[in-house]
Amino acid sequence: VQLQASGGGLVQAGGSLRLSCAASGRHFSDYSMGWFRQAPGKEREFVAGISWNGGNTRYADSVKGRFTISRDNAKNTVHLQMNRLKPEDTALYYCAAESNPLKIEFPPYWGQGTQVTVSS
C-alpha cells in the first residue's frame, strides 16, 4: 500500500487543521491505519490509530480530547482532525498502515509526512 499525506500547514495556537491520507492499492480495509509525528530533535511518536472498520480508535495521552481519527474505506482515506492545537503539536506528521486489521503497532508502510506548525 502507498500512502500520501496532506493537509499540514501553519496555524495559531488554539486553531484547527485536518490531515488527510490517501492510500493506493487493494484491500485498504484489511489495514489498521495511524498517524505518527516527529518533532525536531525528538523520536517519532504515536499519535492516533484506527482499526480496519473504525470500530476501535486510540490516542496518545497528549492529544486525547483534541484530535479525532477517522477513515472512509470507500474512498481509501484516513483523516486526523486536530483541534485546540498547541505549539508542542508542531511536528512532521506521518500516516502509516499495518496489515493487522485490529491495531497499529509496528507499521511497515509510511507516507511522506506533512508539516504542522503551531505558532504561539
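Residues numbered from 1 in each chain as written. Predicted model: local features only at pLDDT ≥ 70, side-chain atom pairs only at ≥ 80, totals over all residues. Heavy atoms only, no water.

Outline the environment of Ala22, supporting the account with residue identities and numerical values.
Along the chain, Ala22 turns up in strand β3 (residues 17-24). Overall, Ala22 belongs to the partly exposed group, its relative accessible area being 38%. Taking the C-alpha atoms as reference, Ala22 lies 22 Å from Arg66; in sequence the two are 44 residues apart. Ignoring sequence-local partners within four residues, the contact set of Ala22 consists of Gln2, Leu3, Gln4, Asn76 and Thr77. (Helix = DSSP H or I, 4+ residues; strand = E, 2+ residues; numbered from the N terminus. Buried < 20%, exposed > 50% of the residue type's maximum accessible area, 1.4 Å probe, protein only. Contact = heavy atoms within 4.5 Å.)

Describe the packing of aromatic side chains, and please don't skip the residues or the numbers.
Using the criterion set out here, one finds four aromatic pairs in the structure. Between Tyr94 and Trp110, the aromatic rings sit 6.3 Å apart at their centres with planes inclined by 85°, giving edge-to-face as the arrangement. Placement of Tyr94 in strand β9 (residues 91-98) and of Trp110 in strand β10 (residues 109-110) is noted, with a sequence separation of 16 residues between them. Its relative accessible area of 12% is what places Tyr94 among the buried residues. (Phe/Tyr/Trp six-rings, centres within 6.5 Å; stacked < 30°, edge-to-face > 60°.)

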